[in-house]
Amino acid sequence: MLTTRYQKVNTLSVVDIARMHALFEENYAYSPLSTFIDDLEKKDGAFIVRKKSTQEIVGFSTLGIYTFELGGKKAKGLFSGDTIIDRNYWGSRSLQNAFALKLFWEALKSPLTPQYWLLISKGYKTYLLLARNFPDFYPQRGGAKPKLKDMVTEYCEAMFPGKLDHDSMLLDFGDNANCLKDHVAAITPEMRAADPDIAFFEQCNPSWQRGTELPCIALADLKTFLSVIWPFLWKSLFGKKAAPQVGTAQAEAQARRA
């Protein structure tokens, strides 16, 4: 059994950070400790996933919370950074549940401010979390979403100046960029054929194997939580479907896919 708790970066011990970096090294081909720590210090906190029995860290996901001018309006952005789960625990929803509750709490603190989930994805698994749990996101198979695309451009230029290729809409951090090891998120022909979202991710980010990142965004306000994320969370925690809070056919379909 796993447990996940959100911790501020300044509460993480040296032992915690060393274990997090060891997990990082197991999954990424280029992972110097100095770069890892520099990136961690820029974040507000991290979701720490532990084994209940031993308290050993078996996964984590860093989080930055920012205020942006997106689309000419003030908005809150929750930026997911490095996310790693020990392969022995792939399939656990402990981290997803904790992240969903954090989204809800942050939305409650400023309910009138639009809130977005910001992420950059070098592997299909992170992209699938977006595509299968949020109704309004970019890039989206079968939907152009020009407003959200413009927001992606704005936050990329603010957070990673000069790194966004505006033609491909990919972030390229150069030859020494972190790239996933082959065992982490390989895409097979069978996977492409079976899952159009995986095929779409690879179409958007054909150079993912060398570490290019696909920047993404999803609306993550209170309405989205009640219509989509809450049914997913209820099903995950209690094993049954929650009564719809904001009933739309699209929301119900998304909840079933979670």
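Quick summary incoming for the structure in this document. (Residues numbered from 1 in each chain as written. Predicted model: local features only at pLDDT ≥ 70, side-chain atom pairs only at ≥ 80, totals over all residues. Heavy atoms only, no water.)

Along its length, the protein chain carries nine helices and nine strands. Split into buried and exposed, the 258 residues of the protein chain put 49% on the buried side. A fraction of 68% describes how many contacts in the protein chain between residues 6 or more apart in sequence connect residues 24 or more apart. Accessible surface, the protein chain as shown: approximately 12600 Å² in total, 54% of it carbon and sulfur. (Helix = DSSP H or I, 4+ residues; strand = E, 2+ residues; numbered from the N terminus. Buried < 20%, exposed > 50% of the residue type's maximum accessible area, 1.4 Å probe, protein only. Contact = heavy atoms within 4.5 Å. Areas by Shrake-Rupley, 256 points an atom, 1.4 Å probe, with all protein chains shown as cover.)

What follows concerns the side chain of D86. Along the chain, the position of D86 falls in the loop between β4 (73-85) and α3 (94-109). For D86, the contacting residues outside a window of four places in its chain are R19, L23 and V58.

Once that is clear, we can look at the pattern of salt bridges. Pairing of side chains with opposite charge becomes possible as their charged atoms draw close. What the rule picks out here adds up to twelve salt bridges. The residue R50 makes a salt bridge to D16 at a minimum N-O spacing of 3.4 Å. Of this pair, R50 sits in strand β2 (residues 45-51) while D16 sits in helix α1 (residues 14-27), and the two are 34 residues apart along the sequence. Classification of D16 by relative accessible area gives buried; the value is 11%. (Salt bridge = Lys/Arg side-chain N within 4 Å of Asp/Glu carboxyl O.)

Counting residues in hydrophobic clusters, the biggest one holds 33 residues, and the most contacted among them are F47, W117, Y124, Y127, L130, F201 and L214. Tallying contributions element by element places helix α4 (residues 124-133) first for this core, with five residues. Each residue touching L130, except ones within four places of it in the same chain, is listed here: W117, L119, F137, Y138, C216, I217 and A218. With 18 residues, the next largest nonpolar core counts F79, Y116, Y155 and M169 among its residues. (Core = buried A, V, L, I, M, F, W, Y, C linked by side-chain atoms within 4.5 Å.)

Let us look at the packing of aromatic side chains. Throughout the structure, instances matching the rule amount to 13 aromatic pairs. Each ring, one from F24 and one from F36, has its centre 5.2 Å from the other, and the planes form 45°; the classification is tilted. Linking F24 in helix α1 with F36 in helix α2 (residues 33-41), this pair joins segments that are twelve residues apart in sequence. The two residues F24 and F36 agree in class, both being buried. Where Y127 meets F201, the ring centres are 6.0 Å apart and the plane angle is 35°; that geometry is what we call tilted. Note that Y127 is positioned in helix α4 and F201 in helix α7 (residues 196-204), a separation of 74 residues in sequence. For the pair Y127 and F201, one class covers both residues: buried. One aromatic cluster in this structure is built from Y6, F47, F99, W117 and F134. (Phe/Tyr/Trp six-rings, centres within 6.5 Å; stacked < 30°, edge-to-face > 60°.)

Given 3.6 residues per helical turn, the α-helix brings residues three or four places apart onto the same face. Over its 14 residues, helix α5 (residues 146-159) extends 20 Å from the first C-alpha to the last, a length consistent with the 20 Å expected when each residue adds 1.5 Å. Residues of α5 that are buried include every one of L148, M151, V152, T153, Y155 and C156, and no others. (Expected span 1.5 Å × (residues − 1).)

Further remarks concern the pairing of strand β5 (residues 115-121). Within a regular strand, side chains alternate between the sheet's two faces. Among the seven residues of β5, seven are classified as buried, and the element is accordingly described as predominantly covered. Burial along β5 is two-sided: the residues Q115, W117, L119 and S121 and Y116, L118 and I120 are all buried. Examined bridge by bridge, β4 and β5 share five bridges and lie parallel to one another. Within β5, the position partnered with K76 by the bridge is Q115. (Pairing = 2+ DSSP bridges.)

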